[in-house]
Amino acid sequence: MCRFFSNFAFEEKFILLKIGSTMDPYHPKRRITLSFAGQNGRNFIAVAFGGDASLRLRLMQEPGAVANGSAVYLPADGFVLADFFDRYVSDAFIDYSAIKASQPAPVRPSRPDLPPGYLEKLRQVRYSDHTVRVYTTYFRDFQEYFEGCDIDRITPEEINGYLVFLINEKGISTCQQNQRINAIKFYYEKVLGQPRRCYTVSRAKREKTLPDVLSKEEVRAILSAVATDLRFWCMFSVLYSAGLRISELLALKPDDINVSRSLIRVRQGKGRKDRFTLLSKPLIKKLTEYRELYKPKVWLFERTPGEQFTESIVSKRLKAAAQEAGITKRIYPHLLRHSFATHLIEQGTDLKIVKELMGHNSIRTTEIYVHIADTFKSNIKSPLDDILEEDGL
């Protein structure tokens, strides 16, 4: 019937969306419900809008829209759920479960099985779930490229040729190139036990780029955009105020919030390290309201009772909030972590303290933020200022 699921992978049955922009008490949001329908021998998507007049007006502007009672009918032929979602993401909950359940699961190309011992060894050396996903994905790509070959007999020259193909044809970054090399090396050196001298590949030197940051005004605008959505407001506030990685945020448990000391405990962060970081004192009140409203059981932030959010859902909601706030730069959760470190340094926080709060292994990693902070320090005067001021400009 449709191709509208082809380019959008959903993991939630309901996705929370913003309607207002004030800090008033939490209000239920409008709801859009999608279902299949047939009229006069044609297939339609029935869009129930709960009697909301403004939603009905917008829906009637969709191509081929036909109103009938409490629903607007859109032609199923050519309907793309991803595009529809983007248009209404800031206006209402979207319940698409009826059309999702009616669709057969997409047939995905089969991926090669990992060689014996690869996944087991990754677990044995206690790599993080993220690293396991990256390594297994990249090694399966490697297997697909050499399909029909005995991977135990592939030469370093052939592997270098594979990497050159990825660089020239796929445009992979230097960071991804090194990750793919590590995934390959892990098999030959850790699983097969071959010596390092039997496997040498050229590694790319990473570009020395500076991360982007948000201003405090931009952070405020993002939080204002989710002001009526207490759950996401708290999630974004904790990400920024504590300088957390997205994986660390989603792994927080209710007991990790230490209100009396204004600290957040991060358990087994990157590098399998525990640490403490900041808990904003004004944020405590909102977190208390959130916990009373949602009553989290296992995780501090839960999709449903006992179930974690996914990184993709949080990322999409953050991007939608930034778009509503009129922010045009590329937005992703780690940007709030970059902004946290930069703003601390701009406030005069000692670099060693910032390093501990961020959970960095090396002070050199933290020093990157000094370069960013210096750029925005208002007390640094350009030498051109004196010249132009003398000329009366």
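Structure: above.
Residues numbered from 1 in each chain as written. Predicted model: local features only at pLDDT ≥ 70, side-chain atom pairs only at ≥ 80, totals over all residues. Heavy atoms only, no water.

S.K.: Would you mind going over the overall build of the protein with me for this structure?
M.R.: Secondary structure summary: the protein contains 16 helices and 10 strands in total. The buried share among the 393 residues of the protein stands at 42%. When the accessible surface of the protein is split by element, carbon and sulfur atoms take 51% of a total near 22000 Å². (Helix = DSSP H or I, 4+ residues; strand = E, 2+ residues; numbered from the N terminus. Buried < 20%, exposed > 50% of the residue type's maximum accessible area, 1.4 Å probe, protein only. Areas by Shrake-Rupley, 256 points an atom, 1.4 Å probe, with all protein chains shown as cover.)

S.K.: What's the story with the pairing of strand 4 (residues 71-75) in this structure? I'm lost.
M.R.: The side chains of a regular strand alternate between the sheet's two faces. Most of strand 4 is tucked away: 5 of the 5 residues are buried. Residues of strand 4 alternate between two faces, with Ala71, Tyr73 and Pro75 on one and Val72 and Leu74 on the opposite face, all of them buried. Taken together, the 5 bridges between strand 2 (residues 42-48) and strand 4 define a ladder with antiparallel strand orientation. When the sheet's bridge partners are listed, Val47 is paired in strand 4 with Val72. Relative to strand 4, strand 3 (residues 66-68) runs antiparallel, the two being bridged by 3 bridges. (Pairing = 2+ DSSP bridges.)

S.K.: Explanation requested: the sheet that holds strand 8 (residues 275-278) in the structure shown.
M.R.: Consider a sheet: its strands pair through backbone hydrogen bonds, and that pairing is either parallel or antiparallel. Judged by pairing direction, the sheet is antiparallel, and its 3 strands sit side by side in the order 6-7-8 without closing on themselves. At either margin of the open sheet sits one strand with a lone partner, and together these are strand 6 (257-258) and strand 8. Here strand 7 (residues 263-266) pairs with strand 8 via 4 bridges, running antiparallel. Along strand 8, the bridge assignment pairs Ile264 with Thr277.

S.K.: Where do I start with the pattern of salt bridges in this structure?
M.R.: Two side chains of opposite charge can pair, provided their charged atoms sit close to one another. Under the definition given, this model contains 16 salt bridges. With a closest N to O distance of 3.1 Å, Arg123 and Asp129 form a salt bridge. With a closest N to O distance of 2.6 Å, Glu248 and Arg245 form a salt bridge. As far as the burial class goes, Glu248 and Arg245 line up, both buried. Taken together, the shared-partner salt bridges connect Arg111, Asp141, Glu144 and Arg180 into one network. (Salt bridge = Lys/Arg side-chain N within 4 Å of Asp/Glu carboxyl O.)

S.K.: Help me understand a nonpolar patch on the surface, please; the structure alone is not making it clear to me.
M.R.: A contiguous nonpolar patch, built from Leu384, Ile387 and Leu388 and spanning about 250 Å² of accessible area, is present on the exposed surface. Checked against the element boundaries, Ile387 lands in helix 16 (residues 383-390). (Patch = residues over 30% accessible without salt bridge, like charges linked within 9 Å, V, L, I, M, F, W, Y side chains within 5 Å.)

S.K.: What exactly am I supposed to notice about the sheet that holds strand 1 (residues 31-39) here?
M.R.: Spatial strand order, 3-4-2-1-5: 5 strands in an open sheet with mixed pairing. Two strands lie at the open edges of the sheet, namely strand 3 and strand 5 (93-95), each paired on one side alone. Mean inter-strand twist for the sheet, computed between neighbouring axes without regard to direction, equals 30 degrees. Relative to strand 1, helix 2 (residues 81-88) is tilted by about 145 degrees, and along the sheet it contacts strand 1, strand 2, strand 4 and strand 5. (Axes fitted to C-alpha atoms, helices over the stretch in contact; angles between N-to-C directions. Contact = heavy atoms within 4.5 Å.)

S.K.: Looking at this structure, I do not really get the packing of aromatic side chains. What am I missing?
M.R.: The description of an aromatic ring pair rests on the distance of the ring centres and on the angle between the ring planes. The full count for this structure, using the stated rule, is 23 aromatic pairs. Ring centres of Phe232 and Phe236 lie 5.9 Å apart, and the angle between their planes is 45 degrees; on these two criteria the pair is classed as tilted. Here Phe236 and Phe232 lie together in helix 9 (residues 230-242), a separation of 4 residues that amounts to about one turn. Here the two residues Phe232 and Phe236 agree in accessibility, since each one is buried. Its end group placed over the ring of Tyr138, Arg180 keeps NZ or CZ at 4.0 Å from the ring centre. If you follow Arg317 out to its NZ or CZ, it ends over the ring of Phe232, 5.9 Å from the centre. (Phe/Tyr/Trp six-rings, centres within 6.5 Å; stacked < 30°, edge-to-face > 60°. Lys NZ or Arg CZ within 6 Å of the ring centre and 35° of its normal.)

S.K.: What is the right way to look at the layout of surface pockets in this model?
M.R.: Summary: where empty space remains is shown by rolling a probe the size of a single water molecule over the atoms. The calculated volume of the second largest pocket comes to roughly 570 Å³. If you trace the second largest pocket, you find 20 residues lining it, with Val219, Leu223, Tyr240, Ser241 and Ser280 closest to the centre. If you list the elements that add at least two residues to the lining of the second largest pocket, you get helix 8 (216-225), helix 9, helix 11 (281-294) and helix 13 (333-346). The leading source of residues in the lining of the second largest pocket is helix 8, at 5 residues. (1 Å grid on protein atoms, 1.4 Å probe; cavity = no way out; pocket = protein on both sides within 12 Å on 5 of 7 lines; lining within 4 Å. Points joined across faces, edges and corners; volume = space filled by probe spheres on them.)

S.K.: Would you take a moment to explain the nonpolar core for this structure?
M.R.: When a protein is soluble and globular, its nonpolar side chains tend to lie buried together. By size, the foremost hydrophobic cluster in this structure holds 52 residues, and its most contacted members are Met235, Phe236, Val238, Leu249 and Phe301. Considering each element in turn, this core owes the most residues, 10 residues, to helix 9. With residues near it in sequence (within four places) discarded, Val238 still touches Gly243, Leu244, Leu249, Leu252, Ile264, Leu283, Leu287 and Phe301. Judged by nonpolar contacts, the second largest core, of 23 residues, contains Leu122, Ile154, Tyr162 and Leu163. (Core = buried A, V, L, I, M, F, W, Y, C linked by side-chain atoms within 4.5 Å.)

S.K.: Hey, could you run me through the side chain of Glu248 in this one?
M.R.: With respect to the helices, strands and loops of the structure, Glu248 is situated in helix 10 (residues 246-250). Its relative accessible area of 5% is what places Glu248 among the buried residues. Reaching out from Glu248, the side chain makes a polar contact with the side chain of Arg245 at a distance of 2.6 Å. Discounting chain neighbours no more than four positions away, the residues touching Glu248 are Val266, Gly269, Lys270, Arg275 and Arg337. (Polar contact = N/O pair within 3.5 Å; in protein donor to acceptor, adjacent residues only side chain to side chain.)

S.K.: Just to check I follow, could you spell out the packing of helix 9 against helix 11 for this structure?
M.R.: For any two helices packed against each other, the geometry is given by the interaxial angle and the distance between the axes. At a minimum axis distance of 10 Å, the contact between helix 9 and helix 11 shows a crossing angle of 140 degrees. One finds that helix 9 runs oblique with respect to helix 11. Judged by the sense of rotation from one axis to the other, the crossing of helix 9 with helix 11 is left-handed. On helix 11, the residues that touch Leu230, Arg231, Trp233, Cys234, Ser237, Val238 and Ser241 of helix 9 are Leu283, Lys286, Leu287, Glu289, Tyr290, Leu293 and Tyr294. When grouped by side-chain class, the residues that make up the contact of helix 9 with helix 11 number 9 nonpolar, 2 polar and 3 charged. (Parallel < 35°, antiparallel > 145°, perpendicular 65-115°, else oblique. Left-handed = near helix turned anticlockwise from the far one by under 90°. Nonpolar A, V, L, I, M, F, W, Y, C, P; charged D, E, K, R; others polar.)

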